[in-house]
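A look at the structure
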Amino acid sequence: MHRGSGRPVKLKETRLDVEALLSEVVFGHGFLHYGYWPKGRPDTPSAEVLGRAQQAYFDRLAAAIPAGAKSILDVGSGTGSNAMALTRLGYRVQCLCPSEQLNQIARRKLPATVPVHTLRFEDFDSAERFDLCLFAESFHYIELAAALRQITRYGRDGAIIFDYFRRAAQAADSGGTRGTHADFLAEVERQGALRVAVDEDLTEAILPTFYVLDHLKNAHFSPFVQRLRAEYRAANPVKAFFAERLLGRFLDRLVRPARREQSFAQRYEYRLIRLAPR
Ligand SMILES: C[S@@+](CC[C@H](N)C(=O)[O-])C[C@H]1O[C@@H](n2cnc3c(N)ncnc32)[C@H](O)[C@@H]1O
């Protein structure tokens, strides 16, 4: 399968398209980032509280924008939900995202005055400048050195990055862009044009996202799928035999217990960072 550009579709992109669809349909807002839970785990883990925590994530991000900033380049803008909310707060926003699929959703949502650029941040080449570049869970998709050079070029007051970094003990994904926090700090120093003005570890406040997702899967989704399988087997033993041969391993994987709360904390740290010019 290929995108219109003739470029092969990556699994990561397809997953984002599916998550965008779910986020639009289930929550109505279209956020593609995790939730923010400053008070820890919710009493009742549900999709509804997850949707509210995603809004809280946006509010936390917006609160970090320095006073005086008026124009924002939303890098990795997803379905345009952050841009929409920023526009409502009075900022002049432009969106940038390489996925035409996501950008189509964004254009439907946003006023026509908000430009939506379809390309990678690394390839963005424009005479425009912005007060701030904003990365809501998108920085880890972008090649580090190029991202910092582009922030220096486009963000008069620097950038806000609300995203996760790979922990030092974790091996890098092959060809991946998810670097460590130490790699990030070293590259900021090496380039020399920016300084780290704010750097907070908010992993604990993000983790309940996975507590909720694990619970929804383990307590509801997987038992539901298993019950359907058993009922089908009882009602149609012969058809079920062939269906299981075809789909059994996929379904086994689908219902495998989720433990993302532990695995995310082991592998990643989630940070809110503000970069400013030196
Ligand atoms: C997890 S989504 C976050 C979307 C949105 N910021 C939000 O908070 O809902 C990551 C976004 O980064 C975009 N992205 C991936 N690679 C990129 C790149 N090289 N340059 C800019 N954006 C990129 C994806 O297409 C997607 O829109």
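Residues numbered from 1 in each chain as written. Predicted model: local features only at pLDDT ≥ 70, side-chain atom pairs only at ≥ 80, totals over all residues. Heavy atoms only, no water.

Remarks on the overall build of the protein chain
Check the secondary structure of the protein chain and you find ten helices and seven strands. For a compact globule of 278 residues, the expected C-alpha radius of gyration is about 19 Å, and the protein chain comes in at 21 Å, within 12% of that figure. C-alpha atoms of the protein chain, sized along the principal axes, occupy 70 × 40 × 35 Å. Within the protein chain, the fraction of its 278 residues that count as buried is 46%. Residue pairs in contact within the protein chain that sit at least 24 positions apart in sequence constitute 70% of those at least 6 positions apart. With the model as given, the accessible surface of the protein chain reaches about 14,700 Å², and the carbon-plus-sulfur share is 55%. Considering the protein chain, the positive charge centre built from 40 side chains and the negative charge centre built from 32 side chains are found 4 Å apart. (Helix = DSSP H or I, 4+ residues; strand = E, 2+ residues; numbered from the N terminus. Rg over C-alpha atoms; globule rule 2.2 N^0.38 Å. Buried < 20%, exposed > 50% of the residue type's maximum accessible area, 1.4 Å probe, protein only. Contact = heavy atoms within 4.5 Å. Areas by Shrake-Rupley, 256 points an atom, 1.4 Å probe, with all protein chains shown as cover. Lys, Arg positive; Asp, Glu negative; His and termini not counted. Charge placed at Lys NZ, Arg CZ, Asp CG, Glu CD.)

Quick notes on the side chain of Asp-163
Locating Asp-163 in the fold gives a position in strand β5 (residues 159-166). With no salt bridge to any partner, buried Asp-163 finds its closest opposite charge in Arg-178, at an N-O distance of 7.6 Å. At 2.7 Å, the side chain of Asp-163 and the backbone nitrogen of Phe-139 are in polar contact. Those residues in contact with Asp-163 that lie beyond four places of it in its chain are Glu-137, Ser-138, Phe-139, His-140, Glu-269, Tyr-270 and Arg-271. (Salt bridge = Lys/Arg side-chain N within 4 Å of Asp/Glu carboxyl O. Polar contact = N/O pair within 3.5 Å; in protein donor to acceptor, adjacent residues only side chain to side chain.)

Remarks on the site of the ligand
Surrounding the ligand, one finds 21 residues, the nearest of these being Leu-32, His-33, Gly-76, Asn-82 and Ala-136. Between Gly-78 and the ligand, the recorded distance is 3.1 Å, taken from a backbone N or O atom to an oxygen atom. If the ligand stood free it would expose 600 Å²; the protein chains cover 94% of that surface. (Near = heavy atom within 4 Å.)

Concerning the pattern of salt bridges
Under the defined criterion, the tally for this structure stands at 16 salt bridges. A salt bridge links Asp-252 to Arg-229, with the shortest nitrogen-to-oxygen separation between them at 3.0 Å. On the criterion of sequence distance, the pair formed by Asp-252 in helix α9 (residues 237-255) and Arg-229 in helix α8 (residues 208-235) is long-range, its members being 23 residues apart. The partly exposed category is assigned to Asp-252, whose relative accessible area is 43%. What makes Arg-229 buried here is its relative accessible area of 11%.

With respect to the packing of helix α5 (residues 144-154) against helix α6 (residues 181-191)
Put simply, α5 and α6 touch, their axes get as near as 10 Å, and they point 50 degrees apart. Considered as vectors, α5 and α6 are oriented oblique to each other. Remark: the crossing between α5 and α6 carries right-handed chirality. Contact residues: Leu-144, Ala-145, Leu-148 and Arg-149 in α5; Asp-183, Phe-184, Glu-187, Val-188 and Gln-191 in α6. Grouping the constituent residues of the contact of α5 with α6 by class yields five nonpolar, one polar and three charged. (Axes fitted to C-alpha atoms, helices over the stretch in contact; angles between N-to-C directions. Parallel < 35°, antiparallel > 145°, perpendicular 65-115°, else oblique. Left-handed = near helix turned anticlockwise from the far one by under 90°. Nonpolar A, V, L, I, M, F, W, Y, C, P; charged D, E, K, R; others polar.)

Overview of the packing of aromatic side chains
Under the counting rule described, the total for this entry stands at 20 aromatic pairs. Ring geometry for Tyr-34 and Phe-264: centres 5.7 Å apart, planes at 90 degrees, overall edge-to-face. Taken together, the positions of Tyr-34 in the loop between α1 (11-27) and α2 (47-63) and Phe-264 in helix α10 (residues 260-267) put the pair 230 residues apart, joining distant regions of the chain. Residue Tyr-34 is classed as buried on the basis of its relative accessible area of 14%. By relative accessible area, Phe-264 is classed as buried at 5%. Members of the aromatic cluster, joined through ring pairs, are Tyr-34, Tyr-36, Tyr-57, Phe-162, Tyr-164, Phe-210, Phe-264, Tyr-268 and Tyr-270. (Phe/Tyr/Trp six-rings, centres within 6.5 Å; stacked < 30°, edge-to-face > 60°.)

Side note on the pairing of strand β2 (residues 92-96)
Of all five residues in β2, four are buried; the element is thus mostly enclosed. Handedness of the crossover joining strand β1 (residues 71-75) and β2 through helix α3 (residues 81-88): right-handed. With respect to chirality, the unit in which β2 leads through helix α4 (residues 100-109) into the neighbouring parallel strand β3 (residues 116-117) is right-handed. (Right-handed = clockwise from strand over helix to strand, strands pointing away.)

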